[in-house]
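# A look at the structure
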Amino acid sequence: MEKLNFVRDGVMKLPPGFRFHPTDEELVVQYLRRKVLSCPLPASIIPEVDVCKSDPWDLPGDSGQERYFFSTREAKYPNGNRSNRATGNGYWKATGIDKQIVTSRGNKVVGMKKTLVFYRGKPPHGSRTDWIMHEYRLVDATESTIWQKKNSTQTVMEDWVICRIFLKKRGTKHDEEMTKSYNCEKVGSVGENGPVFYDFLGKERTDLNLIPVSSSSGSSGVTEISSHESSDHEESSSCYSFSSIRRKPLA
(Lines give C-alpha, C1' and ligand atoms only; values in the text may rest on other atoms or scores of the structure.)
Protein backbone atom coordinates (compact mmCIF):
# COMPACT_ATOMS: atom_id res chain seq x y z
CA MET A 1 0.00 0.00 0.00
CA GLU A 2 1.37 3.37 -0.98
CA LYS A 3 2.19 5.64 1.95
CA LEU A 4 0.02 8.73 2.07
CA ASN A 5 1.98 11.94 2.17
CA PHE A 6 0.11 15.22 2.54
CA VAL A 7 3.05 17.42 3.55
CA ARG A 8 4.69 19.54 0.88
CA ASP A 9 7.38 22.10 1.67
CA GLY A 10 6.55 21.85 5.36
CA VAL A 11 2.85 22.64 4.80
CA MET A 12 -0.16 20.36 5.08
CA LYS A 13 -1.80 19.90 1.68
CA LEU A 14 -5.07 17.97 1.59
CA PRO A 15 -7.22 17.25 -1.47
CA PRO A 16 -10.27 19.51 -1.92
CA GLY A 17 -13.08 18.53 0.42
CA PHE A 18 -10.84 16.87 3.00
CA ARG A 19 -10.28 18.25 6.50
CA PHE A 20 -7.97 17.15 9.31
CA HIS A 21 -9.97 17.14 12.56
CA PRO A 22 -8.41 14.53 14.89
CA THR A 23 -9.54 14.03 18.45
CA ASP A 24 -7.13 14.52 21.34
CA GLU A 25 -6.88 10.75 21.75
CA GLU A 26 -6.09 10.25 18.05
CA LEU A 27 -3.38 12.90 18.14
CA VAL A 28 -1.66 11.28 21.13
CA VAL A 29 -2.13 7.59 20.32
CA GLN A 30 -2.10 7.45 16.53
CA TYR A 31 0.38 10.23 15.78
CA LEU A 32 2.50 11.35 18.75
CA ARG A 33 3.08 7.89 20.24
CA ARG A 34 3.96 6.45 16.85
CA LYS A 35 6.30 9.37 16.18
CA VAL A 36 8.14 8.86 19.47
CA LEU A 37 8.47 5.12 18.81
CA SER A 38 9.52 5.71 15.19
CA CYS A 39 6.57 3.63 14.00
CA PRO A 40 4.76 4.24 10.69
CA LEU A 41 2.18 7.02 10.92
CA PRO A 42 -1.39 6.65 9.59
CA ALA A 43 -0.46 9.36 7.08
CA SER A 44 2.31 11.90 6.67
CA ILE A 45 0.07 14.83 7.42
CA ILE A 46 1.74 16.71 10.30
CA PRO A 47 4.94 18.54 9.33
CA GLU A 48 8.01 18.80 11.58
CA VAL A 49 8.56 22.43 12.59
CA ASP A 50 10.35 24.08 15.49
CA VAL A 51 7.43 26.26 16.57
CA CYS A 52 9.59 28.49 18.76
CA LYS A 53 11.90 29.49 15.93
CA SER A 54 9.13 31.63 14.44
CA ASP A 55 6.28 33.80 15.62
CA PRO A 56 2.86 32.11 15.23
CA TRP A 57 1.83 34.25 12.25
CA ASP A 58 5.04 33.28 10.41
CA LEU A 59 4.66 29.51 10.81
CA PRO A 60 3.97 27.47 7.65
CA GLY A 61 0.39 27.07 6.47
CA ASP A 62 -2.75 29.15 6.49
CA SER A 63 -2.75 31.33 9.62
CA GLY A 64 -6.54 31.55 9.45
CA GLN A 65 -6.88 27.81 10.00
CA GLU A 66 -5.81 25.38 12.72
CA ARG A 67 -2.26 24.15 12.13
CA TYR A 68 -0.61 21.04 13.53
CA PHE A 69 3.13 20.53 13.93
CA PHE A 70 5.51 17.94 15.31
CA SER A 71 8.06 19.81 17.39
CA THR A 72 10.76 19.06 19.93
CA ARG A 73 10.98 20.83 23.25
CA GLU A 74 14.14 22.74 24.03
CA ALA A 75 15.19 22.93 27.67
CA LYS A 76 15.31 26.47 29.04
CA TYR A 77 18.11 25.59 31.44
CA PRO A 78 20.75 22.84 31.07
CA ASN A 79 19.72 21.00 34.24
CA GLY A 80 16.03 21.86 34.27
CA ASN A 81 12.78 20.53 32.81
CA ARG A 82 11.28 23.88 31.82
CA SER A 83 10.94 24.45 28.09
CA ASN A 84 12.26 27.45 26.24
CA ARG A 85 9.26 28.96 24.46
CA ALA A 86 10.67 32.34 23.45
CA THR A 87 10.35 33.40 19.82
CA GLY A 88 11.73 36.35 17.88
CA ASN A 89 9.06 38.84 18.94
CA GLY A 90 7.47 37.25 21.98
CA TYR A 91 6.95 34.09 23.99
CA TRP A 92 4.43 31.36 24.73
CA LYS A 93 3.08 31.36 28.28
CA ALA A 94 1.26 28.42 29.85
CA THR A 95 -2.19 29.10 31.28
CA GLY A 96 -4.46 26.95 33.43
CA ILE A 97 -3.71 23.37 34.38
CA ASP A 98 -2.75 20.54 32.06
CA LYS A 99 -5.61 18.34 30.88
CA GLN A 100 -5.39 14.57 30.89
CA ILE A 101 -6.01 12.76 27.60
CA VAL A 102 -7.77 9.46 28.26
CA THR A 103 -8.71 6.64 25.91
CA SER A 104 -12.34 6.26 24.93
CA ARG A 105 -12.15 2.63 26.00
CA GLY A 106 -10.76 1.82 29.41
CA ASN A 107 -10.23 5.47 30.42
CA LYS A 108 -6.47 5.01 30.41
CA VAL A 109 -4.46 8.21 30.64
CA VAL A 110 -2.22 8.33 27.57
CA GLY A 111 -1.23 11.98 27.29
CA MET A 112 -1.44 15.53 28.56
CA LYS A 113 -2.59 18.73 26.89
CA LYS A 114 -1.10 22.07 27.89
CA THR A 115 -2.70 25.35 26.82
CA LEU A 116 -0.43 28.31 26.06
CA VAL A 117 -1.07 31.91 25.02
CA PHE A 118 1.32 33.98 22.91
CA TYR A 119 2.58 37.29 24.29
CA ARG A 120 4.37 40.00 22.33
CA GLY A 121 7.47 41.49 23.91
CA LYS A 122 9.66 40.30 26.74
CA PRO A 123 8.48 38.67 29.98
CA PRO A 124 7.05 39.65 32.33
CA HIS A 125 5.76 42.77 30.54
CA GLY A 126 4.53 41.20 27.31
CA SER A 127 1.15 42.02 25.81
CA ARG A 128 -1.33 39.17 25.43
CA THR A 129 -2.50 38.20 21.95
CA ASP A 130 -5.25 35.94 20.61
CA TRP A 131 -2.83 33.22 19.47
CA ILE A 132 -3.44 29.92 21.29
CA MET A 133 -1.39 26.73 21.31
CA HIS A 134 -2.36 23.28 22.59
CA GLU A 135 0.75 21.24 23.28
CA TYR A 136 0.25 17.47 23.43
CA ARG A 137 2.80 15.22 25.10
CA LEU A 138 2.91 11.59 26.21
CA VAL A 139 1.97 11.09 29.83
CA ASP A 140 4.70 8.56 30.57
CA ALA A 141 7.76 7.51 28.59
CA THR A 142 8.25 4.30 30.59
CA GLU A 143 6.52 2.08 28.05
CA SER A 144 8.40 3.72 25.21
CA THR A 145 11.73 3.30 26.98
CA ILE A 146 11.13 -0.43 27.59
CA TRP A 147 10.11 -0.91 23.97
CA GLN A 148 13.18 0.96 22.83
CA LYS A 149 15.56 -1.24 24.84
CA LYS A 150 14.10 -4.34 23.17
CA ASN A 151 14.86 -2.86 19.75
CA SER A 152 18.56 -2.09 19.65
CA THR A 153 18.28 -0.60 16.17
CA GLN A 154 16.26 2.31 17.47
CA THR A 155 17.99 5.62 18.08
CA VAL A 156 17.65 7.71 21.20
CA MET A 157 14.11 9.05 21.60
CA GLU A 158 13.54 12.72 20.99
CA ASP A 159 11.21 14.73 23.16
CA TRP A 160 8.48 15.08 20.54
CA VAL A 161 5.25 16.99 21.10
CA ILE A 162 2.36 17.92 18.84
CA CYS A 163 1.46 21.60 18.71
CA ARG A 164 -1.99 22.74 17.60
CA ILE A 165 -1.91 26.48 16.90
CA PHE A 166 -4.85 28.70 16.03
CA LEU A 167 -6.07 32.27 16.31
CA LYS A 168 -8.83 32.69 18.88
CA LYS A 169 -12.02 34.23 17.51
CA ARG A 170 -13.14 37.22 19.50
CA GLY A 171 -16.62 38.36 20.36
CA THR A 172 -18.77 35.25 20.59
CA LYS A 173 -19.38 34.89 24.34
CA HIS A 174 -18.46 38.49 25.18
CA ASP A 175 -20.93 39.96 22.70
CA GLU A 176 -23.73 37.74 24.00
CA GLU A 177 -23.11 38.94 27.55
CA MET A 178 -22.99 42.57 26.42
CA THR A 179 -26.23 42.19 24.45
CA LYS A 180 -27.98 40.58 27.41
CA SER A 181 -26.77 43.33 29.72
CA TYR A 182 -27.93 45.96 27.21
CA ASN A 183 -31.42 44.43 27.00
CA CYS A 184 -31.68 44.22 30.78
CA GLU A 185 -30.94 47.92 31.01
CA LYS A 186 -33.29 48.90 28.18
CA VAL A 187 -36.36 46.77 28.89
CA GLY A 188 -38.52 48.38 31.53
CA SER A 189 -36.36 51.49 32.05
CA VAL A 190 -38.12 54.46 33.65
CA GLY A 191 -38.31 57.79 31.85
CA GLU A 192 -39.52 61.20 32.92
CA ASN A 193 -43.15 60.38 32.04
CA GLY A 194 -43.18 56.83 33.36
CA PRO A 195 -41.92 53.45 32.17
CA VAL A 196 -40.34 53.31 28.74
CA PHE A 197 -40.22 49.98 26.87
CA TYR A 198 -38.11 48.88 23.93
CA ASP A 199 -38.49 46.05 21.49
CA PHE A 200 -35.77 43.44 20.99
CA LEU A 201 -34.09 45.58 18.33
CA GLY A 202 -33.61 48.44 20.78
CA LYS A 203 -36.39 50.59 19.29
CA GLU A 204 -38.64 52.43 21.69
CA ARG A 205 -42.25 51.12 21.70
CA THR A 206 -45.13 53.48 22.40
CA ASP A 207 -47.95 51.17 21.28
CA LEU A 208 -47.85 48.84 24.29
CA ASN A 209 -50.72 48.52 26.78
CA LEU A 210 -49.57 47.77 30.30
CA ILE A 211 -52.06 45.52 32.06
CA PRO A 212 -51.33 44.71 35.73
CA VAL A 213 -51.58 41.03 36.54
CA SER A 214 -52.50 39.95 40.03
CA SER A 215 -50.25 37.56 41.88
CA SER A 216 -51.00 35.17 44.72
CA SER A 217 -48.01 36.54 46.58
CA GLY A 218 -49.30 40.09 46.34
CA SER A 219 -46.32 41.29 44.35
CA SER A 220 -46.97 44.03 41.78
CA GLY A 221 -43.67 43.52 39.97
CA VAL A 222 -45.14 41.17 37.34
CA THR A 223 -46.52 42.96 34.31
CA GLU A 224 -48.22 41.66 31.19
CA ILE A 225 -47.36 43.34 27.93
CA SER A 226 -49.64 42.99 24.92
CA SER A 227 -49.83 45.05 21.75
CA HIS A 228 -52.94 45.98 19.75
CA GLU A 229 -51.78 43.53 17.10
CA SER A 230 -52.50 39.83 17.67
CA SER A 231 -50.25 36.89 16.93
CA ASP A 232 -49.54 33.39 18.16
CA HIS A 233 -45.82 34.11 18.39
CA GLU A 234 -44.58 34.43 21.96
CA GLU A 235 -41.27 35.65 23.22
CA SER A 236 -39.95 35.90 26.77
CA SER A 237 -37.20 37.89 28.46
CA SER A 238 -34.94 36.57 31.23
CA CYS A 239 -34.39 40.07 32.58
CA TYR A 240 -37.96 40.65 33.79
CA SER A 241 -41.06 38.50 34.28
CA PHE A 242 -43.25 39.36 31.28
CA SER A 243 -45.99 37.41 29.60
CA SER A 244 -46.12 37.07 25.83
CA ILE A 245 -45.52 39.90 23.38
CA ARG A 246 -48.02 39.46 20.59
CA ARG A 247 -47.17 40.77 17.16
CA LYS A 248 -48.76 40.79 13.78
CA PRO A 249 -47.62 37.79 11.73
CA LEU A 250 -45.57 38.43 8.65
CA ALA A 251 -47.40 38.29 5.34
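For the structure, check the block above.
Residues numbered from 1 in each chain as written. Predicted model: local features only at pLDDT ≥ 70, side-chain atom pairs only at ≥ 80, totals over all residues. Heavy atoms only, no water.

## Brief notes about the packing of aromatic side chains
Quick note on the threshold: Note on ring pairs: Phe, Tyr and Trp rings are taken, using the six-membered ring of Trp, and paired if centres are within 6.5 Å. Classes follow the plane angle, with under 30 degrees stacked, over 60 edge-to-face and the rest tilted. Under the DSSP-based scheme used, a helix requires at least four consecutive residues in state H or I and a strand at least two consecutive residues in state E, with every element numbered from the N terminus.
Here the structure, examined in full by the defined rule, presents six aromatic pairs. Their ring planes at 85° and their centres at 5.7 Å tell us that Phe20 and Tyr31 sit as a pair that is edge-to-face. A residue pair is termed long-range when its members are at least 10 positions apart, and Phe20 in the loop between strand S2 (11-12) and helix H1 (24-36) and Tyr31 in helix H1 qualify at eleven residues. Ring geometry for Trp57 against Phe118: centres 5.6 Å apart, planes inclined by 85°, an arrangement best described as edge-to-face. Taken together, the residues span a long stretch of sequence, with Trp57 in the loop between H1 and strand S3 (67-72) and Phe118 in strand S5 (residues 109-120) at a distance of 61 residues. Through successive ring pairs, a cluster of aromatic residues spans Phe20, Tyr31 and Tyr68.

## Quick word on the environment of Arg34
Formally: Whether two residues are in contact is decided by their heavy atoms, any of which lying within 4.5 Å being enough. Whenever two N or O atoms come within 3.5 Å, that pair is a polar contact, provided that in protein one can donate a hydrogen and the other can accept it, and provided that, for residues adjacent in sequence, both atoms are side-chain atoms.
Along the chain, the position of Arg34 falls in helix H1. Those residues within four positions of Arg34 in sequence are excluded, and the remaining contacts are Val29, Cys39, Pro40, Leu41 and Pro42. Engagement of the side chain of Arg34 in a polar contact is seen with the backbone oxygen of Pro40, the distance being 2.8 Å.

## A closer look at the pattern of salt bridges
Filter applied, for reference: A carboxyl oxygen of Asp or Glu within 4 Å of a side-chain nitrogen of Lys or Arg is what we treat as a salt bridge. Burial status follows relative accessibility: with a 1.4 Å probe on protein chains alone, a residue under 20% of its type maximum counts as buried, one over 50% as exposed, and anything between as partly exposed.
What the rule picks out here adds up to eight salt bridges. Of the charged contacts, one joins Asp159 and Arg73 as a salt bridge, the two residues approaching to 3.2 Å between their closest N and O atoms. Here Asp159 is found in the loop between helix H2 (142-150) and strand S7 (160-167), whereas its partner Arg73 is found in the loop between S3 and strand S4 (90-102), with 86 residues between them in sequence. A relative accessible area of 39% means that Asp159 is categorised as partly exposed. With its nearest N and O atoms 3.0 Å apart, the salt bridge here joins Arg137 to Asp98.

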